[in-house]
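Letter by letter, the chains look like this.
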Amino acid sequence: MALSGMRGLSVFISDVRNCHNKEQERLRVDKELGNIRTRFKNEKGLSPYEKKKYVWKMLYIHMLGYDVDFGHMETVSLISAPKYPEKQVGYIVTSCLLNENNDFLRMVINTVRNDIIGRNETYQCLALTMVGNIGGKEFSESLAPDVQKLLISSSCRPVVRKKAALCLLRLYRKNPDVVNIDGWSDRMAQLLDERDLGVLTSVMSLFVSLVSNNAEAYWNCLPKCVRILERMARNQDIPQEYTYYGIPSPWLQVKAMRALQYFPTIEDPSARRALFEVLQRILMGTDVVKNVNKNNASHAVLFEALALVMHLDAEKEMMSQCVALLGKFIAVREPNIRYLGLENMSRMLLVTDVQDIIKRHQAQIITSLKDPDISIRRRALDLLYGMCDVTNAKEIVEELLQYLNTAEFAMREELALKAAILAEKFAPDLSWYVDVILQLIDKAGDFVSDDIWYRVVQFVTNNEDLQPYAAAKAREYLDKPALHETMVKVSAYLLGEYGHLLARRPSCSPKELFTIINDRLPTVSTSTIAIILSSYAKILLHTQPPDAGLQQQILAIFKKYQLTLSALMICHLLFVEGFFTLALYFRHESYIDVEIQQRAVEYFELSRKGAALADVLAEMPKFPERESALLKKAEDAEVDTAEQSAIKLRSQQQTSSALVLADQLPVNGSAPAANHLTLVKMPSQNIAEESNVSHEETALEAPKENGAPVEVESKVEILSETAAESKVVPPTSHSPSQADLLADLLGPLAIEGPPAAVEQNPVQGLEANESPIGDLALATLEDQSNSVQPIVNVEEKFHILCTKDSGVLYEDPNIQIGLKAEWRAHHGRLILFLGNKNTSPIVSMRALILPPSHFKVELSSVPDTIPPRAQVQIPVEFTNLQASRDVAVLDFSYNHGTVLVNAKLRLPVVLHKFLQPVTLTPEEYFPQWKAWTVQSLSFKKLPLPLPEMANLFLSLHLAVTPGLDTNPNNMVACGTFFSEATHTMLCLVRVETDPQDRTQLRLTVASGDQYLTFELKEYIKEHLIDLPRTRVPSLPAPQQPQLPPAAPATYNDPGAMLAGLL
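Calculation criteria
- Residues numbered from 1 in each chain as written.
- Predicted model: local features only at pLDDT ≥ 70, side-chain atom pairs only at ≥ 80, totals over all residues.
- Heavy atoms only, no water.
- Helix = DSSP H or I, 4+ residues; strand = E, 2+ residues; numbered from the N terminus.
- Contact = heavy atoms within 4.5 Å.
- Areas by Shrake-Rupley, 256 points an atom, 1.4 Å probe, with all protein chains shown as cover.
- Buried < 20%, exposed > 50% of the residue type's maximum accessible area, 1.4 Å probe, protein only.
- Polar contact = N/O pair within 3.5 Å; in protein donor to acceptor, adjacent residues only side chain to side chain.
- Expected span 1.5 Å × (residues − 1).
- Disulfide = S-S within 2.5 Å.
- Core = buried A, V, L, I, M, F, W, Y, C linked by side-chain atoms within 4.5 Å.
- Salt bridge = Lys/Arg side-chain N within 4 Å of Asp/Glu carboxyl O.
- Pairing = 2+ DSSP bridges.
- Patch = residues over 30% accessible without salt bridge, like charges linked within 9 Å, V, L, I, M, F, W, Y side chains within 5 Å.
- Lys, Arg positive; Asp, Glu negative; His and termini not counted.
- Charge placed at Lys NZ, Arg CZ, Asp CG, Glu CD.
- Axes fitted to C-alpha atoms, helices over the stretch in contact; angles between N-to-C directions.
- Parallel < 35°, antiparallel > 145°, perpendicular 65-115°, else oblique.
- Left-handed = near helix turned anticlockwise from the far one by under 90°.
- Nonpolar A, V, L, I, M, F, W, Y, C, P; charged D, E, K, R; others polar.

Peer 1: Outline the overall build of the chain, listing residues and values.
Peer 2: Regarding its fold elements, the chain presents 42 helices and 20 strands. For the chain, long-range pairs separated by at least 24 residues make up 71% of all intrachain contacts whose partners lie at least 6 apart in sequence. Of the roughly 49,400 Å² that the chain leaves accessible, carbon and sulfur atoms contribute 52%.

Peer 1: Tell me what's going on with the environment of Asn 793, and back it up with residues and numbers.
Peer 2: As for its position among the elements, Asn 793 is in the loop between strand 6 (716-718) and helix 37 (794-803). Using a relative accessible area of 42% as the deciding quantity, one classes Asn 793 as partly exposed. Linking Asn 793 and Leu 809, residues 16 residues apart in sequence, is a C-alpha distance of 9.3 Å. Within the structure, the side chain of Asn 793 is placed 3.2 Å from the backbone nitrogen of Glu 795, a separation counted as a polar contact. A polar atom in the side chain of Asn 793 sits 3.1 Å from the backbone nitrogen of Glu 796.

Peer 1: Describe helix 18 (residues 335-348), listing the residues and the values that go with them.
Peer 2: Helix length check: helix 18, at 14 residues, gives a terminal C-alpha distance of 20 Å against a target of 20 Å (1.5 Å per residue), a fit within 8%. Within the sequence span of helix 18, burial applies to Ile 337, Arg 338, Gly 341, Leu 342, Asn 344, Met 345 and Met 348. Tucked inside the fold, the buried residues of helix 18 contact helix 16 (292-312), helix 17 (316-329), helix 19 (355-358), helix 20 (362-368) and helix 21 (374-387).

Peer 1: Now, about the state of the cysteines: what can you tell me, with residues and values included?
Peer 2: Counted by the stated rule, this structure contains 0 disulfides. Cysteine Cys 125 shares no disulfide, and the gap to the nearest cysteine sulfur, in Cys 156, comes to 9.5 Å.

Peer 1: Tell me about the nonpolar core, residues and numbers included.
Peer 2: By size, the foremost hydrophobic cluster in this structure holds 216 residues, and its most contacted members are Met 188 and Phe 207. Apart from the residues lying within four places of it in its own chain, the contact partners of Phe 207 are Met 188, Leu 192, Tyr 218, Cys 221, Cys 225, Ala 259 and Phe 263. By size, the runner-up hydrophobic cluster in this structure holds 71 residues, among which are Phe 798, Trp 823, Ala 903 and Ala 973.

Peer 1: Run through the pattern of salt bridges, naming residues and quoting values.
Peer 2: Summed over all chains, the structure comprises 47 salt bridges. Put simply, Lys 224 and Asp 193 hold a salt bridge, and the shortest N to O gap is 2.9 Å. Remark: Asp 193 occurs in the loop between helix 11 (181-191) and helix 12 (197-213) and Lys 224 occurs in helix 13 (residues 222-233); sequence separation between them is 31 residues. Exposure remark for Asp 193: the relative accessible area of 40% places this residue in the partly exposed category. The residue Arg 234 makes a salt bridge to Glu 230 at a minimum N-O spacing of 3.3 Å. Through salt bridges with shared partners, a single ionic network connects Arg 378, Arg 379, Asp 382, Glu 414 and Lys 418.

Peer 1: Talk me through the pairing of strand 13 (residues 889-896); I want residue IDs and the actual numbers.
Peer 2: With respect to burial, strand 13 is a largely interior element, 8 of its 8 residues being buried. Relative to strand 13, strand 10 (residues 843-850) runs antiparallel, the two sharing 6 bridges. Directly across from Ala 847, in strand 13, lies its bridge partner Phe 892. Looking at chain direction, strand 13 and strand 14 (residues 899-906) are connected through 8 bridges and run antiparallel. By the bridge assignment, Tyr 894 is partnered in strand 14 with Val 901. Turn length for the strand 13-strand 14 hairpin, with the two strands adjacent in sequence and antiparallel, is 2 residues, and the turn residue Gly 897 shows positive phi of about 70°.

Peer 1: Account for the side chain of Thr 94, with residues named and values stated.
Peer 2: Checked against the element boundaries, Thr 94 lands in helix 6 (residues 84-97). A polar contact of 2.6 Å, which involves the side chain of Thr 94, links it to the backbone oxygen of Gly 90. Setting aside residues no more than four positions away along its own chain, Thr 94 makes contact with Thr 75, Val 76, Ile 79, Val 89, Leu 105, Met 130 and Ile 134.

Peer 1: Account for a negative patch on the surface, naming residues and giving values.
Peer 2: Taken together, the side chains of Asp 313, Glu 315, Glu 317 and Asp 353 make up a negatively charged region of the molecular surface. The residue Glu 315 is located in the loop between helix 16 and helix 17 in this model. The exposure class of Glu 315 is partly exposed, given its relative accessible area of 47%.

Peer 1: Could you give me a rundown of the packing of helix 23 (residues 409-426) against helix 25 (residues 450-462), with the residues and numbers involved?
Peer 2: At a minimum axis distance of 11 Å, the contact between helix 23 and helix 25 shows a crossing angle of 20°. Between helix 23 and helix 25, the angle is such that the two are roughly parallel. In the packing of helix 23 onto helix 25, the handedness of the crossing is left-handed. Between helix 23, through Ala 416, Leu 417, Ala 420 and Glu 424, and helix 25, the contact on the second element is made entirely by Ile 452, Arg 455 and Phe 459. Here the residues of the contact of helix 23 with helix 25 are counted per class, giving 5 nonpolar, no polar and 2 charged.

Peer 1: How would you explain the packing of helix 29 (residues 526-542) against helix 30 (residues 548-560) if you had to name every residue and give the values?
Peer 2: At a minimum axis distance of 11 Å, the contact between helix 29 and helix 30 shows a crossing angle of 155°. With respect to their mutual orientation, helix 29 and helix 30 come out roughly antiparallel. The two elements helix 29 and helix 30 cross, and the hand of that crossing is left-handed. Taking contact as the criterion, the partners of Leu 533, Tyr 536, Ala 537, Ile 539 and Leu 540 in helix 29 are, on helix 30, Leu 550, Gln 551, Ile 554, Ile 557 and Phe 558. Residues of the contact of helix 29 with helix 30, tallied by class, amount to 9 nonpolar, 1 polar and no charged.

Peer 1: Give me the lowdown on the environment of Ala 821, citing residues and values where you can.
Peer 2: Tracing the chain through its elements places Ala 821 in strand 8 (residues 815-824). We classify Ala 821 as buried; its relative accessible area is 12%. Sequence separation of Ala 821 and Lys 913 is 92 residues, and the distance between their C-alpha atoms is 9.8 Å. In contact with Ala 821, other than residues within four places in its own chain, are Asp 805, Arg 829 and Leu 830.

So far we have only geometry, and geometry alone does not tell us how the molecule works.
Structure (structure tokens):
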């Protein structure tokens, strides 16, 4: 009869398993849920069998991952059923569907208590199992005395008592007051004399929890734990069912030894002697065997025994034996055992007089650095870091530097930090320390923090004997063809301060030092340019006697980096008039960074005042002695425990850290300032590392077909009524970005202020012609339709932002998403501006970045709600790992009323954002062109006229250099590509045309990396043919009809280009 009554359940499970896709399964589940809901409405007409069947179906649907938000009352009511089948279903399904905070559980507390104090052992087991799984504070207050009576009762069977022990453990964790310490100390001592190993194992779990909170109250139980371990070690009175692969109850042994670690020490000599005999037997009797299960059990006991030996501070002989055993483990082939051996050897470093014993295994530990498993390599690194001292520092640091060449990116930052700390703590002399840090910067510059090279500068400044040596080493590194930017910073600083100490050495005259530093100037970022300008001023100061030619060269550079107010206004004018290409080119030619401009102006003026220059640029004074920032950073970087990490994660999930700008209109009704929205430092979310996150829309990461990217169309869908919650991970801090001197071009996104005020600022009005809607329209909830579609051309907005760094990315009747970007070398920072256009809030906001494999992305936490007419800023950090044409996709959704809107937008983080134009001479260009492997592409039809193609190259951040190629029919462009894999890589592009047939064209690309060459060639091809919408139109010159043929002669002269334009 039971089978016939459950036939409906079997049919339903069979139907679900036969579904061909997820949609069919969802429809079948929805149909069944509707049927169950209808039947539950007429509960009086349901027989107990039918109710039980429907509750089983609800449990199965819940196990499939669907929400079951009804039927809880019917489930709970089955607990009160008089018969076992219905009561069993009630207890099992309640344990699975409900949690401890559910209000329905209050209704069954009395029923559960009646089952616990009743005489039916089966009902007692069901009730204890449910309370042990989902019992909360209310259960602990009501049921704890009855559960304790069951546990200490001599009339109850062992199966009930062991469930009572685990149930009491749950209640104690929820409310520690339920166990009276005074009375329970003697009771626990009696329970530890239990002969049944099932009950004893459960009681030991309870005992571990009790002593972890108050070990002082349970001193009388300590000999009992030792006696249990003796019983296990001698294999006395151990039933066969509790022997696991020949090991007597390994779980009980582990718990007993863990409980002993909560006691400070063992004062009883007999108990201490007996315990050490047991530990000695465990250490001697454990070895590696082929059976995996036996290995797992024996090693669990062994490593807990090692932890107890370290806790009790055993004799040195036993410690030596432990280290020898661990040394054997780190040499076996099984990776899990090697990992555990390294981890426990790291813990043993905390014990005094053991470090010298561990040093005997240094060679094997260094070998573990080359293990294929990254977790083993991390543990080996931690162990080497911990065991390093003055005697072995040189050897260990040299091994770490050698390992830097092959270490993966995930470990290099930690590896660089630890190598720098060891070099600082245990350096035999300061010259060795300088050598180590310079090697570190040279090999892993991207992963060397500023604190490391700041510390080098501090040591060199404070030690006069070290200054000539450090300057000489910096001079040697500048001779290398490929150099990381951090090394350029250090070398420029050291040579600027102490280069005059090398004046008598060959190739170290002031002019030669200036020349070798100046060769690096075109390829470095703003922060490095500032240091180089200071170095030039110092070199100029120390040049004795003065060199007129060198002075003119340095003053010319200072003058180049000065930008007058009129030049800044010209840049504004060009942007407003829509000549973006020329503005970008003019902006590149004229430096507009405030720090650089100020330094250039001040150094230029000081250099003309003679004596004043010597006073201002005097040698740096000695730094005051202070605590090492590296040591503090190492302490802050210590790995948190799993519990601490979970606490941090929960606290960050509760509070969003995104900045919400409320709607506050000015009192006088005037328009807000253009820079009203400022950049803020935000915590970030490392999406790139979440390799285990599944998402149904991952296919939108711009896959390729035949080598070309497939366009990802932005789609807006109306989905279900509930939105998924955004996932948040622990934040990391980022340094604030510098302000953009072209002002905030996101004027239309400023919700504060009337729309008409936007037109008053010409810079804010840049976006006016790009959106058919124009200013923000305010709509109420009643005005919304059932379908939300974008009101701008999303595809067009994407291509506009590919050539600009700010603008509108997406807009619909409810929300507007703007974007502002900043690019530095292989790093990019985007600020997403999410503006609520409505007078009602936008809720359930969710945003994820779906990055391709060549990006590392950190997205800050997204607020769940955007208030009415307010705006939030969400920073996104991009790191370019290698060249690729794929783009990242922003997957965002929000709830407005009862409608869930979901859109997927391509982000304009494209390949040329990581290109920087660079101008080369023929002597620099053609040797590289001949040395590298080139890739060519021929066109039967000229895709663009050469002047338009030159504009296209400028928009792709490739500097066109007229006259570089001796053939006037050809055109040459150059740029530097930045990525984490290649650092700075020069890219060369050459366009050749046939003078006999100007319709034919050949495009050739070359670089030092074949992958980059291919990607750049295909990227330019897409802009020439596949994506004609991204072409940059040629500059109109109706007033100068002779300009197009003369254009190649003026590419390097912004003044001539501007004159032709105006």
